[in-house]
Amino acid sequence: MLIPPTHPGGRPPIDRPGRDEILPTAWYLNIDAVTEDGSVSNVRLGVESDANDDYDNLYDFPVPLAPPEGIHVSSFFHREGWNRHLENEYARDIRAPFDADETKEWTFTVEADQGANITLSWATLEFTVPYHYEFYLVDQTTQAEINMLTDVSYAFESDGTRNFVVRTHTYH
């Protein structure tokens, strides 16, 4: 009798080819920053087999222009010098796969009106990432560390600009 592996996030993830590989070569994580009036900005991080940890014009995209109305919110990866023809703010940061027992970190920024209530969410995380990985969101202002496999969101009051780190590590 075969028993599927359990996932640290609780519910079993959707089965997809390559999902139970020890070191998968492609996965993504979307993080939405949402204001109380419903304004949304998002970032995507992850790995792809033919990506590298620097700028890849196939995977790394600049932040789109913000809409003119609503509470301002913008989330982005600040990557100085990635592409001299583009700005330094990117909505996607896709990197090369990494080895067992290696840790990778992605730092991103959320800018919003002072005092705005912002919720970061990643509701689909456990359905889009590999089994054998840990994911933590670290608020660089408060040093709060959130297990992204057990919690699906994190709320904070904006102080204008706040930096976060997503830290992932294999745990097999």
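Here the residue numbers are simple positions, counted from 1 along each chain's written sequence. It should be noted that, the model being predicted, local features are given only for residues of pLDDT at least 70 and side-chain atom pairs only at 80 or more, the latter also being counted only at that level, while totals for whole chains, interfaces and linings use all residues. The side-chain values count all of the structure's non-hydrogen atoms but skip hydrogen atoms and water molecules.

(A) Main features of the overall build of the chain. For the chain, the count of helices and strands is one helix and eleven strands. Strands here mean DSSP runs of E at least two residues long; helices mean DSSP runs of H or I at least four residues long; both are numbered from the N terminus. The order of α-helices and β-strands along the chain, N terminus first, is β-β-β-β-β-β-β-α-β-β-β-β. Within the chain, buried positions represent 40% of all 172 residues. Note on contacts: a residue pair is in contact if any heavy atoms of the two residues lie within 4.5 Å. Of the contacts made within the chain by residues no fewer than 6 positions apart, 72% connect residues no fewer than 24 positions apart. To measure how exposed things are, a 1.4 Å probe is used in the Shrake-Rupley method; for residues, cover is taken only from the protein chains shown. Accessible surface, the chain as shown: approximately 9,200 Å² in total, 50% of it carbon and sulfur. Here's how the labels work: a residue is buried when its accessible area is under 20% of the maximum for its type, exposed when over 50%, partly exposed in between, all with a 1.4 Å probe on protein chains only.

(B) Structural detail: the confidence of the model for the chain. Across the chain, the average pLDDT comes to 80, with 76% of residues at or above 70. Taken as a whole, residues 1-20 scores under 50 in pLDDT and shows 37 contacts with residues more than four places along the chain or in a different chain. For every residue, the predictor states its confidence as a pLDDT score lying anywhere from 0 to 100.

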